[in-house]
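Okay, here's what each chain looks like letter by letter:
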Amino acid sequence: MEFSHKAIEKKWQKFWEENNTFKTTSDKDKKAYILDMFPYPSGAGLHVGHPKGYTATDVFARMRRMQQYDVLHPIGWDAFGLPAEQYALKTGNDPREFTAKNIITFRNQLKKLGFSYDYNKEVNTSDPNYYKITQWIFQQLYKKGLAEIREANVNWCEGLGTVLANEEVILENGKMVSEVGGFEVIKKPMKQWVLKITKYADRLLEGLDDLDWPSSVKELQKNWIGKSEGVILNFDVKDINEKVEVFTTRADTIFGVSYVVLAPENNLVLKLTTDENKQKVEEYISLTKTKTDVERQDDSKEKTGVFTGSYVINPITNELLPVWTADYVLNDYATGAVMAVPAHDERDWKFAKKYELPIKYVLETKDESKAFVGESTLINSDFLNGLNRFEAINLVVEKLKKENKAKKQINYKLRDWLFSRQRFYGEPFPIIFLEDGQIALIDEKDLPLELPKTDYIKPSGTGESPLANLTDWVNIEFNGQKAKRETNTMPQWAGSCWYYLAYILTTSPNNLVDINSQEAMELFKKWLPVDLYIGGQEHAVLHLLYARFWHQVLFDLKIVPTKEPFQKLINQGMILADNGEKMSKSKGNVINPDDIIESHGADTLRLYEVFMGPLEASLPWSFKGLDGARKWLDRVYRMIENIELTDQNNGNLDFIYNDVVKKVTQMIEDCKFNTAVSQLMMFVNAVYKEEKPVYKVYILNFIKMLSIFTPHLAEELWFKTGNKETVCLQIWPVHDESKLSLSTVVIAVQINGKLRGTFEVDKGTDKEELISLAKKLDNIKEQIEGKQIIKEIAVLDKIVNIVIK
Ligand code: ANZ
């Protein structure tokens, strides 16, 4: 017998919606904030990858609700973004309409999966009520000196007359070109907003310690922040009054330096280039503009560079060293200049080999056929010989400090965050440029500064955002002065930096409590931090780092009460195509959840996605597995259809039932959802083996546990077994530990070390009693009769040992 998922699922979805079953409560003493990474509502709709993480959080949220927690389990839309803008550009439609349509599709799809979201808490980053607060937070960053305008490189495409986002640029034969049209793209400096996330680098590192996050994600964040302790050494230029400052973590290798390299963008390059080298150097500088940083640092690529014609003086050895410029040195890291030690650095090794520069080993090694990058004792280094790295660094620094040629320095790989986008569809900046060059903030009461409505969102042609075309909007008067608005918009990251706070503030869709209010603080105290956050590994670095940065700033401003936003994080694995490849539109191997809901039902899809393997694993899709999930649900349905229930407990299921309750609860607590499902399967097997009738309490509690995985079927079975209120708000079962321990034990009886008999007693029977019971056994009685007993020893619950003569 099969159940009709089509009839059941629609019915209960309607029931939950009408009864507002998943409304966020606020009357319990425990809380659970369970968060999904919210989706970008693309035109393609949900993908089977989405429900994997979303089902996991749903299962967890449902258990917490039944465990009598106040649960906040919301969903919303990361709704600004490039695809909507591009669609609008192509079709002449408003990106807002396109986005609104996609949101409806996404919401319907989520509802069809039976997720227990509180849709009253829905947020939309592109709604003016929402971005009013995004703009307000930007103003706070500005007031704290954490936002400023700087010249920074953008991807400029002359052919398209526009700046491109990184994802619109591709590499062709090592050159950057536009994805659309294949036009050349170069790096061009433009005035941009940057957020000074580097000021929070140490806090962002320290904060990681107390978080319950996968160590791989913590490691990624640490590497991204990239704290590096080294020194800056000064190399005087021969014959001119200039010096090259290099940053090095290996001052100990100073005797092994064979040349110095400047990044092509370093201002010193042209100053140090001699006339005969000028043309080559200039050509090299323009070539660098077409390369990305990633490419420049790619160790597999051949190193390139040009000699400037100048020399510097090694501050310790006084040797003359040639100055080169090469793109493997980046200008925006440390000083943009390097002392090259080819014997002990792989990049320098490759470069030195290619350009036949000297290679001098200063660390002891047996293999001089490649760069030695490990630790060992210093050699060929005069007064440093025989020392280790740290002793040598200290000596070099001490010596050069006296001549003002060395200072300690901590560097971070983390860069300040480029926060301007030359785009239409994003949050406008809530600031004004006055004629006299000053920057003014828009008055708080005038926020939000709305994105103007226009059907003219073509590139401006100057590299500015399409908003620059709207001269009426751009040119304004401010306090009697002529002024201009900022025409760039914020990046998509902005809205997703604080959306987990927005849910807390949302009272009904897109109505938010003022973030800077006592009421908001009380709400934050209730709900923060997020207790469980599940999302894709692709957000392991930027989104999580940016959100933590904003949160820490808001903490400093006393807007939020916790130092960190997300206490526990899990990255869900991907669902791959059945051949193990990534699902992608171009390969035509994408599975649409709507089709599966139609053919197998939402419950089957949910069950399959949690049962296919550990949440963190990336696993291939399998229709066989999907069919298997459905078959098990049919088996459960048949079990309840045919069951006879009784209020009398004959005790047969005591052990398995309590064992399953205990394990399922613990496994969900640990987010081991697949093994929790196996436990439920074991229980069903045991019930099938039972004589009828079956103890009702156990069956009802089984349905409760089932409900967190397959809520529609469970709700149907719950009502079928005579209940009148939703299963989703019932009390989660608790196991009885006493039913898990066997109550009797078998005691072995030995005489002079040989086993002579056994008997069964209640667990915990005391030692004297054990000895006296042992002596009453017929066999033992016979053996000890008339003998002298020398010793009687009993071990609780185990053994009685009698020694006779
Ligand atoms: C001499 C040296 C000898 C170095 C040696 C390494 C090994 P981290 O730890 O990543 O900070 N470096 C410095 N600035 C650079 C830049 N702008 N672009 C590319 N490379 C740069 O790495 C610090 C090391 O990276 C520095 O120490 C410098 O090379 C290089 F056996 O100096 B080292």
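Not measured: the values here are computed from a predicted model. (Residues numbered from 1 in each chain as written. Predicted model: local features only at pLDDT ≥ 70, side-chain atom pairs only at ≥ 80, totals over all residues. Heavy atoms only, no water.)

Q: Can you lay out the UniProt feature "domain: Leucyl-tRNA synthetase editing" (unreviewed entry) in the protein for me, pointing to particular residues and giving the numbers?
A: In this numbering, the UniProt entry assigns the feature "domain: Leucyl-tRNA synthetase editing" (unreviewed entry) to residues 222-400. Split by type, residues 222-400 is 26% helix and 22% strand. Its first and last C-alpha atoms lie 31 Å apart. (UniProt positions renumbered as here; feature names shortened; annotations may be inferred. Helix = DSSP H or I, 4+ residues; strand = E, 2+ residues; numbered from the N terminus.)

Q: Lay out empty space enclosed by the protein in plain terms, naming residues and giving numbers.
A: A complete count under the given rule lists 1 cavity of 30 Å³ or more for this structure. In this structure, the largest cavity encloses a volume near 50 Å³. Elements that contribute at least two residues to the lining of the largest cavity include exactly α2 (49-66), α19 (602-611) and α22 (673-689). Looking at side-chain class alone, the lining of the largest cavity contains 5 nonpolar, 2 polar and 2 charged residues. (1 Å grid on protein atoms, 1.4 Å probe; cavity = no way out; pocket = protein on both sides within 12 Å on 5 of 7 lines; lining within 4 Å. Points joined across faces, edges and corners; volume = space filled by probe spheres on them. Nonpolar A, V, L, I, M, F, W, Y, C, P; charged D, E, K, R; others polar.)

Q: Got a sec to walk through the sheet that holds strand β17 (residues 417-418)? Specific residues and values, please.
A: Taken in spatial order, the 4 strands make up an open sheet running β6-β5-β9-β17, and their pairing is antiparallel. Each edge of the open sheet is held by one strand with a lone partner, namely β6 (162-164) and β17. Pairing geometry for strand β5 (residues 147-157) and strand β9 (residues 186-195), over 10 bridges, is antiparallel. Its bridge partner lying in β9, A147 is registered against L195. Taken strand by strand, helix α5 (residues 128-143) contacts β5 and β9, and its axis lies near 90 degrees from that of β9. (Pairing = 2+ DSSP bridges. Contact = heavy atoms within 4.5 Å. Axes fitted to C-alpha atoms, helices over the stretch in contact; angles between N-to-C directions.)

Q: An account of the pairing of strand β32 (residues 789-795) is needed here, citing residue identities and associated values.
A: Pairing analysis gives 6 bridges linking β32 to strand β33 (residues 799-804), with the strands arranged antiparallel. Bridging from a neighbouring strand, E792 pairs with I802 of β33. What sits between β32 and β33 in their antiparallel hairpin is a turn of 3 residues, with D797 showing a positive phi close to 65 degrees.

Q: Run through the site of the ligand, naming residues and quoting values.
A: The full set close to the ligand counts 18 residues, and S228, T248, L330, Y333 and K413 are the nearest of them. Measuring from a nitrogen atom of the ligand, one finds a backbone N or O atom of L330 at 2.7 Å. With respect to the ligand, the side chain of K413 contributes an N or O atom lying 2.5 Å from an oxygen atom. Among the secondary structure elements, those contributing two or more residues to the shell around the ligand are β11 (243-248) and β15 (337-340). Considering only residue class, the shell around the ligand consists of 8 nonpolar, 6 polar and 4 charged. (Near = heavy atom within 4 Å. Polar contact = N/O pair within 3.5 Å; in protein donor to acceptor, adjacent residues only side chain to side chain.)

Q: Lay out the pattern of salt bridges in plain terms, naming residues and giving numbers.
A: Scanning all chains against the criterion turns up 42 salt bridges. The salt bridge involving E737 is made with K662; its shortest N-O contact spans 3.4 Å. Of this pair, E737 sits in the loop between α24 (711-720) and β30 (744-751) while K662 is found in helix α21 (residues 654-669), placing the two residues 75 residues apart along the sequence. Bridged by salt links that share partners, the residues D27, K28, D70 and K526 form one connected network. (Salt bridge = Lys/Arg side-chain N within 4 Å of Asp/Glu carboxyl O.)

Q: Can you lay out the environment of D647 for me, pointing to particular residues and giving the numbers?
A: Its location among the elements puts D647 in the loop between β28 (645-646) and α21. Judged by relative accessible area, which is 60%, D647 ranks as exposed. Placed 554 residues apart in sequence, D647 and N93 show a C-alpha to C-alpha distance of 64 Å. Residues contacting D647, with those up to four places away along its chain left out, are Y695 and K696. (Buried < 20%, exposed > 50% of the residue type's maximum accessible area, 1.4 Å probe, protein only.)

Q: Let's hear about the sheet that holds strand β20 (residues 475-478): which residues, and what values?
A: As summarised here, the arrangement of the 4 strands in space is β19-β18-β21-β20, forming an open sheet in which the pairing is antiparallel. Looking at strand neighbours, the two that pair on one side only are β19 (439-441) and β20, the edges of this open sheet. Neighbouring strand axes in the sheet, compared pairwise and without regard to direction, differ in orientation by 40 degrees on average. Pairing of β20 with strand β21 (residues 481-485) involves 4 bridges; the strand directions are antiparallel. Bridging from a neighbouring strand, F478 pairs with Q481 of β21.

Q: I'd like a rundown of the nonpolar core, residues and numbers included.
A: The nonpolar side chains of a soluble globular protein tend to be buried, and buried together. Counting 90 residues, the largest nonpolar core has W621, W632, I668, F673, F702, I703 and F709 as its most contacted members. Counting residues per element, this core draws most heavily on α22, which supplies 9 residues. When sequence neighbours within four positions are dropped, the list of residues in contact with I703 reads I640, A714, L717, W718, T721 and V727. Counting residues in each nonpolar core, the second largest holds 86 residues, with F38, I225, I431 and A547 among its members. (Core = buried A, V, L, I, M, F, W, Y, C linked by side-chain atoms within 4.5 Å.)

Q: An account of the side chain of T55 is needed here, citing residue identities and associated values.
A: When you line up the elements, T55 lands in helix α2. Under the relative-accessibility criterion, T55 is labelled buried at 1%. Here P51 takes part through its backbone oxygen, which lies 2.6 Å from a polar atom of the side chain of T55. With near-sequence residues (within four places) excluded, T55 lies in contact with F115, R606 and V610.

Q: So, the packing of aromatic side chains: which residues are in play, and what are the values?
A: In total, this model carries 45 aromatic pairs according to the counting rule given. Look at Y54 and F115: their rings are 6.2 Å apart centre to centre, the planes differ by 90 degrees, and that puts the pair in the edge-to-face class. Of the two residues, Y54 is situated in helix α2 and F115 in the loop between α4 (95-112) and β4 (123-124); the sequence distance between them amounts to 61 residues. Both residues of the pair, Y54 and F115, count as buried. Relative to Y698, the ring of Y695 has its centre 4.8 Å away and its plane inclined at 75 degrees; by these criteria the two rings are edge-to-face. With respect to class, Y695 is no different from Y698; both count as buried. Joined through ring pairs, the aromatic side chains of F138, Y142, W193, W417, F419, F429, W493, Y546 and W550 make up one cluster. Over the ring of W473 we find R485, and its NZ or CZ is 5.3 Å from the ring centre. A cation over an aromatic ring shows up here: K526 above the ring of W527, its NZ or CZ 5.3 Å from the ring centre. (Phe/Tyr/Trp six-rings, centres within 6.5 Å; stacked < 30°, edge-to-face > 60°. Lys NZ or Arg CZ within 6 Å of the ring centre and 35° of its normal.)

Q: Kindly report on α21, identifying the contributing residues and their values.
A: Spanning 16 residues, α21 covers 23 Å between terminal C-alpha atoms, matching the ideal 22 Å at 1.5 Å per step. For α21, the complete set of buried residues consists of D654, I656, Y657, N658, D659, V660, V661, V664, T665, M667 and I668. For α21, the elements touching its buried residues are α2, α22 and α23 (696-707). Just downstream of α21, C671 is the residue with a positive phi angle, here 60 degrees. (Expected span 1.5 Å × (residues − 1).)

Q: Please give an account of α22 that cites residues and values.
A: For α22, with 17 residues, the first-to-last C-alpha span of 25 Å sits near the 24 Å given by 1.5 Å per residue. The set of residues buried in α22 consists of F673, N674, A676, V677, Q679, L680, M681, F683, V684, A686 and V687. Looking at the buried residues of α22, the elements they touch are α2, α19, α20 (623-641), α21, β29 (694-695) and α23.

Q: Could you give an account of the packing of α22 against α23, with specific residues and numbers?
A: Two numbers describe how α22 lies on α23: the axes approach to 11 Å, and their chain directions differ by 150 degrees. Relative to α23, the element α22 lies roughly antiparallel. Crossing of α22 over α23 shows left-handed handedness. Taking contact as the criterion, the partners of L680, F683, V684 and V687 in α22 are, on α23, Y698, I699, F702, M705 and L706. (Parallel < 35°, antiparallel > 145°, perpendicular 65-115°, else oblique. Left-handed = near helix turned anticlockwise from the far one by under 90°.)

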